[in-house]
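# Summary of the model geometry
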Amino acid sequence: MKIFLIGYMGCGKSRWGKIIAGHYGFRFIDLDTLIEEREDLSVSEIFEKYRESGFRKREYDALESISDKENIIVATGGGAPCFSNNMEEMNRLGTTLFIECSPQLLRERITESDTERPLVKNFSQDELLNYIIRHLNNRMPFYEQSHYKLVSGNLELDDFTAILDPIINL
Ligand code: S3P
């Protein structure tokens with residue numbers, strides 16, 4: 001059983017991934033953290049050293065490396081479903097769940113977060129919102145290929161278990 005959490009930066013994939021993994025006794029894997037460990041570099045350093053294309057290659061490889069693992073909840077990076085055949089592959093390997101979130105809330109979460117995100121650094125608040133709106137729009141056709149979708153805002157664990165219990169056969 002593999003569950004992939006999909007969605008834009010700041011939608012809550014890592015936060016919910018940890019909570020869901022704890023609930024089901026599954027292993028939590030943060031794909032960005034896995035890439036950082038495999039390279040011994042931070043995501044920002046990988047972007048600087050190898051550019052975005054080098055990061056995407058490593059993201060693809062990291063995804064491949066967990067394809068034989070079972071009982072895992074994976075928080076994917078916001079761009080992971082949008083490159084190579086990653087979305088198709090995740091749908092084939094397991095269950096994908098898209099956490100949808102409004103651009104305004106994404107901006108708030110990205111601004112408040114400590115996570116370094118090379119794609120959205122150095123923007124003013126207006127620029128950031130405009131970027132998120134455009135970027136999210138481009139990515140939506142990939143995110144929408146997920147098996148399930150929840151809308152972020154007032155999510156609770158019950159919202160996830162209502163979807164996942166029948167799949168996990170509880
Ligand atoms: C990215 C999202 C990030 C990380 C990298 C690129 C993206 O992950 O993979 O900075 O392209 O949206 P989060 O969604 O966990 O912030």
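Just so we're clear, the structure is a prediction, and the values are computed from it rather than from any experiment.

## Side note on the environment of I19
With respect to the secondary-structure elements, I19 resides in helix α1 (residues 13–24). For I19 and C101, which are 82 residues apart along the polypeptide, the C-alpha to C-alpha distance reads 18 Å.

## So, the state of the cysteines
Under the criterion given, the structure shown has zero disulfides. Between C11, a free cysteine, and C101, which holds the nearest cysteine sulfur, the sulfur-to-sulfur gap is 6.5 Å.

## Some remarks on the site of the ligand
Residues in contact with the ligand amount to 13 residues; listed here are only the nearest, K13, D32, R56, R117 and R139. Backbone polar atom of G79 to an oxygen atom of the ligand: 3.2 Å apart, as the coordinates give it. In isolation the ligand has 390 Å² of accessible area, and contact with the protein removes 95% of it. Here the shell around the ligand takes three residues from helix α3 (residues 43–65), the largest share from any one element. Its residues assigned to classes, the shell around the ligand comprises five nonpolar, three polar and five charged.

## Some thoughts on the packing of aromatic side chains
Applying the stated rule across the entire model yields five aromatic pairs. Between the aromatic rings of Y24 and F26, the centroid separation amounts to 5.9 Å while the plane-to-plane angle is 45 degrees, which identifies the pairing as tilted. The same class applies to Y24 as to F26, namely buried. A cation over an aromatic ring shows up here: R58 above the ring of Y50, its NZ or CZ 3.6 Å from the ring centre.

## Section: the sheet that holds strand β1 (residues 2–6)
Paired through backbone hydrogen bonds, the strands of a sheet run either parallel or antiparallel to each other. Strand order across the open sheet formed by five strands is β2-β3-β1-β4-β5, with parallel pairing between neighbours. If you trace the sheet from one side to the other, it starts and ends with β2 (27–30) and β5 (148–151), each paired once. Put simply, the sheet's adjacent strands are angled 20 degrees from each other on average, direction ignored. One ladder, built from four bridges, connects β1 with strand β4 (residues 95–100); its direction is parallel. The residue bridging I6 from the neighbouring strand is F98, located in β4.

## Thoughts on the nonpolar core
In this structure, Y8, I20, L31, I66, Y143, F160 and L164 are the most contacted members of the largest nonpolar core, which totals 50 residues. For Y143, the contacting residues outside a window of four places in its chain are I6, G7, Y8, G78, P81, C82, F98 and L136.

## Observations concerning helix α2 (residues 31–39)
Turning to α2, its buried residues number three or more, namely L31, L34 and I35. Each buried residue of α2 sits inside an arc of 100 degrees when the element is viewed along its axis, so together they form one side. Lining the buried residues of α2 we find β2, α3 and β3 (72–75). The N-capping residue of α2, defined by a side-chain oxygen 3.1 Å from the backbone nitrogen of D32, is D30. Directly beyond the C-terminal end of α2, a positive phi value near 55 degrees is found at D40.

## So, the pairing of β4
Counting buried positions along β4 yields six of six residues, so the element is predominantly enclosed. Note that β4 and β5 share four bridges and pair parallel. Along β5, the bridge assignment pairs I99 with L150.

Conventions we followed
- Residues numbered from 1 in each chain as written.
- Predicted model: local features only at pLDDT ≥ 70, side-chain atom pairs only at ≥ 80, totals over all residues.
- Heavy atoms only, no water.
- Helix = DSSP H or I, 4+ residues; strand = E, 2+ residues; numbered from the N terminus.
- Disulfide = S-S within 2.5 Å.
- Near = heavy atom within 4 Å.
- Polar contact = N/O pair within 3.5 Å; in protein donor to acceptor, adjacent residues only side chain to side chain.
- Areas by Shrake-Rupley, 256 points an atom, 1.4 Å probe, with all protein chains shown as cover.
- Nonpolar A, V, L, I, M, F, W, Y, C, P; charged D, E, K, R; others polar.
- Phe/Tyr/Trp six-rings, centres within 6.5 Å; stacked < 30°, edge-to-face > 60°.
- Buried < 20%, exposed > 50% of the residue type's maximum accessible area, 1.4 Å probe, protein only.
- Lys NZ or Arg CZ within 6 Å of the ring centre and 35° of its normal.
- Pairing = 2+ DSSP bridges.
- Axes fitted to C-alpha atoms, helices over the stretch in contact; angles between N-to-C directions.
- Core = buried A, V, L, I, M, F, W, Y, C linked by side-chain atoms within 4.5 Å.
- Contact = heavy atoms within 4.5 Å.
- Arc of directions from axis to C-beta.

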